[in-house]
Amino acid sequence: MKVKDLMSTNIVCVSESTPASQIAGQMRKSNIGSLPVCDQNNHIKGIITDRDLALRVLARYEAKRNAAAASDVNTSDPNNNGSQTNSTNAATNANSTKSRNKNASGSNAGGASGPKDIAEMTAAEIMTKNPVVVSPNANIHDAALLFASHKIRRLPVTEASKVIGILSLGDIAVKPIYIDEAGDALSAISLADGLQSKS
């Protein structure tokens, strides 16, 4: 059996400029865990998974929130009565303000203003670039080896660099003859070290 026999073909691509909020909404609407990122000719540029959204968007929001909280603690600490400490805090706050003003016109406009700027991160900032892809004519066994060796759960299916489908580990697992391959791939994925984003 070949990849084209099991792949999903009703796929939706997003562009590199698509904001994170729209990507999350599309995943929820379509009940899917990944979206390929393509150019206007459907050539693949990357892939975004629900895990990418969690690690690269929500984690950045959490980091900004923690930084803002730490800044508030430093400026409102009642024990900071010494003139040297107050001078240090004033300098820190001045630098922080300069930094926010500097970023206001750049790609991080809004500084640590809250969730809005995080939700407007684009696909280009979130996606995994140069994703592992598979040919529609590849054997399912070879696709299972790709899942296992790269520790991924989804494979964009491309033809002449154009996305024509997605093959997921679940697509293989539902076929009784491929349960062993799917199990082996899942075991390899489960042994992945760290929190690296995988497609």
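Residues numbered from 1 in each chain as written. Predicted model: local features only at pLDDT ≥ 70, side-chain atom pairs only at ≥ 80, totals over all residues. Heavy atoms only, no water.

Draft legend 1. Looking closely at the pairing of strand S1 (residues 34-38). Within S1, five of the five residues are buried, leaving the element largely enclosed by the surrounding structure. Both faces of S1 are covered, namely the face carrying Ser34, Pro36 and Cys38 and the face carrying Leu35 and Val37. When S1 meets strand S2 (residues 44-49), the two strands line up antiparallel, connected through five bridges. Each residue of the ladder has a partner; that of Ser34, found in S2, is Thr49. As consecutive antiparallel partners, S1 and S2 are separated by five residues, and within that stretch Asn42 has a phi angle of approximately 70°, a positive value. (Buried < 20%, exposed > 50% of the residue type's maximum accessible area, 1.4 Å probe, protein only. Helix = DSSP H or I, 4+ residues; strand = E, 2+ residues; numbered from the N terminus. Pairing = 2+ DSSP bridges.)

Draft legend 2. Structural view of the pattern of salt bridges. Summed over all chains, the structure comprises one salt bridge. We note a salt bridge from Arg56 to Asp52, for which the minimum N-O separation is 3.7 Å. Of the two residues, Arg56 and Asp52 are both situated in helix H3 (residues 50-76); the distance of four residues between them amounts to about one turn of the helix. According to the relative accessible area criterion, Arg56 is partly exposed, its value standing at 28%. (Salt bridge = Lys/Arg side-chain N within 4 Å of Asp/Glu carboxyl O.)

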